[in-house]
Every structure is written in structure tokens, then in C-alpha cells.
Amino acid sequence: MPASFSVPRAARPPLLALGLVIVAFVAWTYGALRAANDPGWQDTEPYLGHALYVAEHGGPLAALRDAYAGRYPIVERHFLYPALLAPFAERTPEFFVQAKLLNLAFGTALLASLAWIAWRRFGAVPALVATTLYAGSTSLVDASSHVNHETQFALLALWTWCLLTARAETAPASPGTPRDAGAARRRTFAWVAAGVLLGLAWLTKASAALLGLGLLAAALAYAGRGPLVTPRFWALVLCGALVSSPLVVRNVIAHGTPVYEGMNSHISWMDSWDELGAADSVLWYDQYGIKRIERNGLPTASEYFGEKTARQVAGRALRGVRSELTRVIPTALGPADPVPPGLSRAIGGGLLLLAAAGWWLRRRSWEAAVTAGWTVAFVAFFSWNTLFEAHRYHAPLIPIWLMYAASALHAALARVASEVALRRGAVLAATSVAALATTHAVATEALTGPQPLVRASPAAWRLLDWMQREATPGSRLVIGPTQEFFGLLWLVDKPLQIVQTPNSASRDEFFVYLEQRDVRYLVLHPENYRGQRGRLGDALANYVAVDARGEIRARAAPLGWETAVVDAGTPSRFVVYRATRAMPAGALAAAGAR
């Protein structure tokens, strides 16, 4: 193709079809965005809270200054997404919608970027196929209709990949190889720009480190150590380091290491989320969603490998790989709702095989080396981190894999049909899919039908109202585990701290845990009145009872506590007990509870 994007007359129908697919994506995903109104979805609550923290503490520039001074407190989630949300952050349901609209805008830019890159790299037909598949994928639709940072991260990763693999001359070469001076300048500029994007990717999400590790492995595998002594490589490293420096400097000053992820640093060595509620750790988060570790008893690598056998370690890794390849990645590649999950995974599995075939056809290229390096890094890491079984973690690889899948499909069909026939078929298929998606969105009133801005149960709103009006500022609460009452804390404008729920199987140990952590309010409801995973059984039956309808009734308050409020709704869904006096550790075990 020519260097410019101007195309001959024959290419105009594919371009028009691409435009229709992008318009259909916006319409379809806007409908999904309106329906995605659960504030408890994944990390929605902490992201909205983080953005409010940035907005209420001087804005993004003040947050940058705090980072360089070591004072920026948000650790588990990185800086860029909350900074993008901060200019319009407010404690209203409208902010929730605006945050999703921002992701829809980035998702549209991501889809358009895929179309442009695929057209230039693979041609018109693969571009149409890849764009149509990506527009309807679970990965893109979910990321663009919810509050998360996957659209920003995937966009940065896609353009990094494009810059590093744009042409053959951008591939690493041995020092001293004669090259055209203009090509060398273009190559260096591409790597400098890629370094900036990698730095921004790190400011967006910690798994950008996997992009860097994958790139390093690709360079070593493709051209040995030669690339590591070239100016362009160190230009990339320097630019990436400069852009990512706010969080690196904060980590060094505040935590003594350039890479610190708080609680996330320990998740790789956990077998269950319940370990967060162990007695030897003190964890809580505030109304901004900022998690604090007061006492760290979370497992480490040395503890994990010291306690596990080689068979157990290998079994965990193999189970993770199987899950990633048969469930997680196919879900991300497959079409979004309303396609049934089983069918979507089957389609996604077929696309994964096609992507592998497309990669194989280009396996000797630098582009394939980078793709393989990134793929191995992500699959290996998230196969081991079995608590992270979510398709969104592969978001930066999905558009690349779909381009390879479309290329392989095009190569196979080219054996039995002419390029003209393939182009016409692709235009017809893409246009039909776009028309069907748009018609469905309109016909089902997904774009205009009544939807609450924030969907939560009436009891959740009543608990929020009690927290806002009556909870003592600075108090600590235990609320979880819960789905019904999670997601609204960012709407509270007073300082509160949510303490990790104990995973104890003993009633006495449960209350000692609360006393040692200075918990003032204990919220019991049908989801947690038996403790974590029901470990307490009927041990709390003296304090609350839950009937078959899910209605909760307060009984006698625990020793050292009093009834603060009983949900006045019908059915009643929660009871709040308030601590009345401090008790020495172990006093409950000695005295018992009435």
C-alpha cells in the first residue's frame, strides 16, 4: 500500500463498512454502558474513590507533586486513570455515568486504531474482519461500558506494538549493520515514542511491566544481545523511565523499592482471598478506596515455596494455564452478551487457534517475536495468579491476536476465492453485522429505555444514608463479605474505614479480631451473618436471625456492643451493632458472649 491512507475506488466500500462497524460499536456499547449500572462491578468503587481523592486534594498536578515527594497514597491502582477522571469527579450518580462515557470514548479510539493498523499491516479484508470481531468482543464491550482502565491500557499497548514493529527496519539488528540514515532516524524515533507509551502504560497499570519484560525477551530471542547496546534501546528505556518516574520515585521514598504494589504484591502467594482476613494482618480501606496495611502478615514468596511441594506448585501452574487457554482468553476473544457464554467461549477458542495460525505464518518476523514475548509473559503471569481469573487482564493482547486471526482466515480463504470476492464478502458481512447490532440496540430500547444511573438495592441506599447521617467520622466498620452493600462508599463525604472481614471460625476470635482493630460498627446482613464463607455457622445466631425471605431480625447485642440501627425496610436487610467499650484482647474468649 502507499504510505498515505488515501485508497483507490475499490477500497472505498471496505472503508465505509469500517465506519459503519465503528458507529454500530458506539451504539451497541452505549446500550451496554447504560445497563452496566452496578457500582459493585470489579474495581468500580475504588476507581471512583481514587478520582475523588485526586480531585479533592488539589487535582492531578498536586498528585504528581505528592508522588515526587513520596506522599501520594494510592498504591494498588496506578495514577493515569484517576487523573483522567478527576476533572469531573463528584459525589453524585452522574459521575459514575461520566466515567463510563470516558471509557467508551477511549474504546472507540482503540477500535479505530485497530482498524487503521490492521489495514496498513494486513490489508483491507483482514482489517474489516478484525475490526468487526473486536467491536463485538467481550473484551472491548466490557472495557468500554464499565469503570476500569483497560481501554487506556490496551490503547497504549497497541500503539507501542505498532511503533516497535511498524516496518522491517525497526527490527533489532546487530551493531555495525549498514542502514540508511533516514531509516535509522525513523527507527530511533519509533522506539523513543514507544518508550513514552510504555511509561504511560506503567502509569496506567502495573502489568505494563510484562510488556517490558516481553519486549526484552523478544529482542534477546530475535537478535541476541545486540539490541541491548544500541542507542534506540536505551532511548526507549530512558523515555519510559522518565514518564513512569512519579510512581517509581514515590515507591522508593515511601516504600524503599522502585516497584511496590501494596496488597497486590502478596496476591501471587495466596491460595484464597480469605487470607486477607487472617488474624495476623490489619487491612482496611477508606471512602476513597485507598487500602492501608497496618500490620502485614500476608504470605510472601519464600513462605509459599517453603510450605508447598514441587507437585503442588506445578499443579497450580498447570491448572492456571489450562484455565487461561480454555476459559479466560476464549471469553475475552468471543462475542459479548447476548451471545450465550458457552457459545461465546467456543467462538473465542476458535479465534485463539486462528490467531496461533496467523502468528505461525509470520513467525520469523520481529513483529511475531514481540507478540510471542508479550503473550508468554501475560499468560505465564496470570496463569500463576489464579486469584486474577478475569478476562480483562488480557485486554492489551486481544486486538493483536484478532489481527493475526483475521490474517490467518484471509490466507485460508484466499486459496479458494479471489481477492475481489473476499473483499465483497467481508464488506457484506461487516455491514450486515453492523446493521443488525444497531437495529437490535434501537429495537430493544437499549439506547433510550429507562435505566437507573446507579443500580443498588433499596437496602443498600438505606445503609448509605445511615452512614452519611449517623456514622461517626473516622470510625471503622466491618461490612463484608457482600455484593448487595458494596459499591457506594465513594458517595460518602465523611472519613470512614472499612476493615477486612475476619475469616475466623470461632465466635470469640471473631470479636477479639474486631476489638483489636478498633472496629466501631459491625454490619450484619444475610450475606455475612454466618461469617466468611459461613465458617461461623450458627455462632452468631444469638445476635441476628435470617428467615427464608432473606429478612434479618436483631436479637440481643453481643457483649460490649449495642444496637445502632435496624433496617426499617420491608424486608429488613441489615442490622448495625456499635461497640460500647474497649475490651482487652481475650476478654470475650474468657467471658463468652450472651
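Structural data are supplied above this passage.
Here's a quick rundown of the structure. (Residues numbered from 1 in each chain as written. Predicted model: local features only at pLDDT ≥ 70, side-chain atom pairs only at ≥ 80, totals over all residues. Heavy atoms only, no water.)

## Details of the overall build of the protein chain
What the protein chain contains, in helices and strands, is 21 helices and nine strands. By the compact-globule yardstick of 25 Å for 594 residues, the protein chain fits well, its C-alpha radius of gyration being 26 Å. Each principal axis of the C-alpha distribution contributes one length, and for the protein chain these read about 80 × 55 × 50 Å. Of all 594 residues assigned to the protein chain, the portion counted as buried reaches 54%. Excluding contacts between residues fewer than 6 apart, the proportion of contacts in the protein chain whose partners are at least 24 apart in sequence is 74%. In the form shown here, the protein chain has an accessible surface area of approximately 24,900 Å², with 62% of it arising from carbon and sulfur atoms. Separation of charge centres in the protein chain, based on 54 positive and 41 negative side chains, amounts to 10 Å. (Helix = DSSP H or I, 4+ residues; strand = E, 2+ residues; numbered from the N terminus. Rg over C-alpha atoms; globule rule 2.2 N^0.38 Å. Buried < 20%, exposed > 50% of the residue type's maximum accessible area, 1.4 Å probe, protein only. Contact = heavy atoms within 4.5 Å. Areas by Shrake-Rupley, 256 points an atom, 1.4 Å probe, with all protein chains shown as cover. Lys, Arg positive; Asp, Glu negative; His and termini not counted. Charge placed at Lys NZ, Arg CZ, Asp CG, Glu CD.)

## Re the layout of surface pockets
Approximately 680 Å³ is the volume found for the second largest pocket. Surrounding the second largest pocket, 35 residues form its lining, Thr132, Leu133, Gly136, Pro335 and Val433 being those nearest its centre. Mapped by element, the contributors of at least two residues to the lining of the second largest pocket are helix 1 (12–35), helix 6 (124–135), helix 15 (341–361), helix 17 (398–413) and helix 18 (419–443). Examining the composition of the lining of the second largest pocket, we find that eleven residues originate from one element, helix 18, more than from any other. Taken together, the residues of the lining of the second largest pocket break down into 28 nonpolar, six polar and one charged. (1 Å grid on protein atoms, 1.4 Å probe; cavity = no way out; pocket = protein on both sides within 12 Å on 5 of 7 lines; lining within 4 Å. Points joined across faces, edges and corners; volume = space filled by probe spheres on them. Nonpolar A, V, L, I, M, F, W, Y, C, P; charged D, E, K, R; others polar.)

## With respect to the packing of helix 8 (residues 150–164) against helix 16 (residues 366–384)
The angle between the axes and the distance between the axes are what describe a pair of packed helices. Packing of helix 8 against helix 16 brings their axes to within 9 Å, and their N-to-C directions diverge by 145°. Residues Phe153, Ala157, Thr160, Trp161 and Leu164 of helix 8 form the contact with helix 16, whose participating residues are Trp366, Glu367, Val370, Thr371, Trp374 and Phe378. (Axes fitted to C-alpha atoms, helices over the stretch in contact; angles between N-to-C directions.)

## Topic: the pattern of salt bridges
Inspection of the entire model under this criterion finds 22 salt bridges. When the shortest N-O distance is used, the salt bridge between arginine 77 and aspartate 43 registers 3.5 Å. Taken together, the residues arginine 77 in the loop between helix 3 (59–68) and helix 4 (80–85) and aspartate 43 in the loop between helix 1 and helix 2 (44–56) connect sequence positions 34 residues apart. Note on accessibility: arginine 77 and aspartate 43 belong to one class, buried. (Salt bridge = Lys/Arg side-chain N within 4 Å of Asp/Glu carboxyl O.)

## A closer look at empty space enclosed by the protein
Using the criterion set out here, one finds one cavity of 30 Å³ or more in the structure. Estimated volume of the largest cavity: approximately 30 Å³. Forming the walls of the largest cavity are Val478, Gly480, Pro481, Thr501, Phe510, Leu524, Asn528, Gly531 and Gln532.

Coordinates in, geometry out; function isn't part of it.
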